[in-house]
Amino acid sequence: MAEFKVFAGIDWAHVFHQACVVDDKGKVLWEARIEHTAEGLSELCAKLIELAGGDVSMIPVGIETPNGIVVETLVAAGFSVFVINPKQIDRFRDRFAMSGAKDDRRDARVIADSLRTDPRSYRQLEPEADIVVEIRELSRLQSELQQERVRLTNRLSNQLLRYFPAFAKLVADDPGAPWALALWKAIPTPERAKTVQTRTVQSILKAHRIRRLDGQGVLQILREPVMNVSAATVLAARRHIKTLANQLEVLNIESRECKKELEQSLDRFAGSETDPGKAGEQHLVTIAMSMPGIGPIILGALLAEGARVLIAGDYAALRLLSGVAPVTKGSGRTQAVRRRYGHNHRLGNALYNAARVSSQCDEVFKAGYKALRDRGHTHGRALRTIGDRLLGTLCAMIRSKTLFDPTRRTARTAA
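For clarity, every value in this text was computed on a predicted model and none was experimentally measured.

Draft legend 1. View of the overall build of the protein chain. Regarding its fold elements, the protein chain presents 18 helices and eight strands. At 28 Å, the protein chain has a C-alpha radius of gyration far larger than the 22 Å of a compact globule built from 415 residues. In terms of overall dimensions, the protein chain has C-alpha extents of about 85 × 60 × 55 Å along its principal axes. Counting all 415 residues of the protein chain, 43% fall into the buried class. For the protein chain, contacts bridging at least 24 residues in sequence account for 61% of all contacts bridging at least 6. Positive and negative side-chain charges in the protein chain, numbering 61 and 47 respectively, have mean positions lying 10 Å apart.

Laid out in structure tokens, this is it:
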């Protein structure tokens, strides 16, 4: 950043933003409180351009968030926007106030001054392709829908256990599944299970393509003896479940539609990678989907949270972002290697699930997982190691533009 002469820092918020501009000596040239409105952000951009002598490329802007209206406005105006972790700003703040004092004006100045003195601590934002933004939003929405679904199914299971434990046992794998909700509407109580006909249950199972169960077997489970429960408890639990079932039906539909849209977006992303001059090369989507444990949802999360480093096949950056790279702490005679907690948790969860599935479905990774557990590793640590190997293999495939070849591995490689 040697060519820059002025540096801007913005302490963002939801109602007001504090801005500060310093010169290359650290002297404050301008500071102001900006309203979170179109007029306020326009005034901010105009003032920054004025301080930069009319050239937006001559004034870098530091901020603590990589997204939001403020960031999009600055990027659209042509400013070079740099992002830093709030924990790092907390350390830089000690240069100005050892007492721990904190306010918006000081934070804006700290950001501007640290951008001047420690530019290597910042990461420059670059505009994302529209398709990547679309994949990111769909992936995060899918994750939020799944989290909400888990919360609702847990509540539904608790209500079933209050008065109908046999039903809870039957649908234990997924109480929020469409077939389970339809079955509950047909058989909401143990008394109803005693009178319902087998063909009614069979028709529900057939409509939802459930082949692992049959009507007679379902009724045999639902007609198991139950403990005495008051009528008031049954009524209250049924009313609660009715509300939960209605919400789960909507969530199931939205989740299916979101997954479908995500798959379509991935197809469009794959199309955008096509180079007419290199028709024989594999594109990223095809390469990633050829690996065990990686499907549309996992790939969507990987692209959503680390598109640039994934496209580049940057293994070192990906393992840091996903949290599989350990943290070494040493001082004097003491040295320890610990799990990395500071990482992108969405990316970490995606890699964890990919490792979990691959260690269950792929024989080599299954053997690698077993070898790690036999060496005393916990379940989580073993899966992080498997995830690390998955990332290394994936990045190598992306750089060489080749598909996954299961014959080029051993259990030792996986572990």
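Draft legend 2. Spotlight on the packing of aromatic side chains. Tallying each qualifying case throughout the model produces three aromatic pairs. Ring geometry for Tyr163 against Phe164: centres 5.9 Å apart, planes inclined by 50 degrees, an arrangement best described as tilted. Residue Tyr163 shares its accessibility class with Phe164, and that shared class is buried. Between Phe164 and Phe167, the aromatic rings sit 5.5 Å apart at their centres with planes inclined by 55 degrees, giving tilted as the arrangement. Over the ring of Phe16 we find Arg33, and its NZ or CZ is 4.0 Å from the ring centre.

Draft legend 3. Fine view of the packing of helix 14 (residues 315–322) against helix 17 (residues 379–400). Across the interface, helix 14 lies against helix 17 with an axial gap of 10 Å and an inter-helix angle of 145 degrees. You can see that helix 14 and helix 17 cross each other, and the crossing is right-handed. Taking contact as the criterion, the partners of Tyr315, Leu318, Arg319 and Ser322 in helix 14 are, on helix 17, Asp388, Leu391, Gly392, Cys395 and Arg399. Along the lines of polarity and charge, the residues of the contact of helix 14 with helix 17 split into four nonpolar, two polar and three charged.

The rules behind the values
Residues numbered from 1 in each chain as written. Predicted model: local features only at pLDDT ≥ 70, side-chain atom pairs only at ≥ 80, totals over all residues. Heavy atoms only, no water. Helix = DSSP H or I, 4+ residues; strand = E, 2+ residues; numbered from the N terminus. Rg over C-alpha atoms; globule rule 2.2 N^0.38 Å. Buried < 20%, exposed > 50% of the residue type's maximum accessible area, 1.4 Å probe, protein only. Contact = heavy atoms within 4.5 Å. Lys, Arg positive; Asp, Glu negative; His and termini not counted. Charge placed at Lys NZ, Arg CZ, Asp CG, Glu CD. Phe/Tyr/Trp six-rings, centres within 6.5 Å; stacked < 30°, edge-to-face > 60°. Lys NZ or Arg CZ within 6 Å of the ring centre and 35° of its normal. Axes fitted to C-alpha atoms, helices over the stretch in contact; angles between N-to-C directions. Left-handed = near helix turned anticlockwise from the far one by under 90°. Nonpolar A, V, L, I, M, F, W, Y, C, P; charged D, E, K, R; others polar.

None of this, on its own, says anything about what the molecule does.
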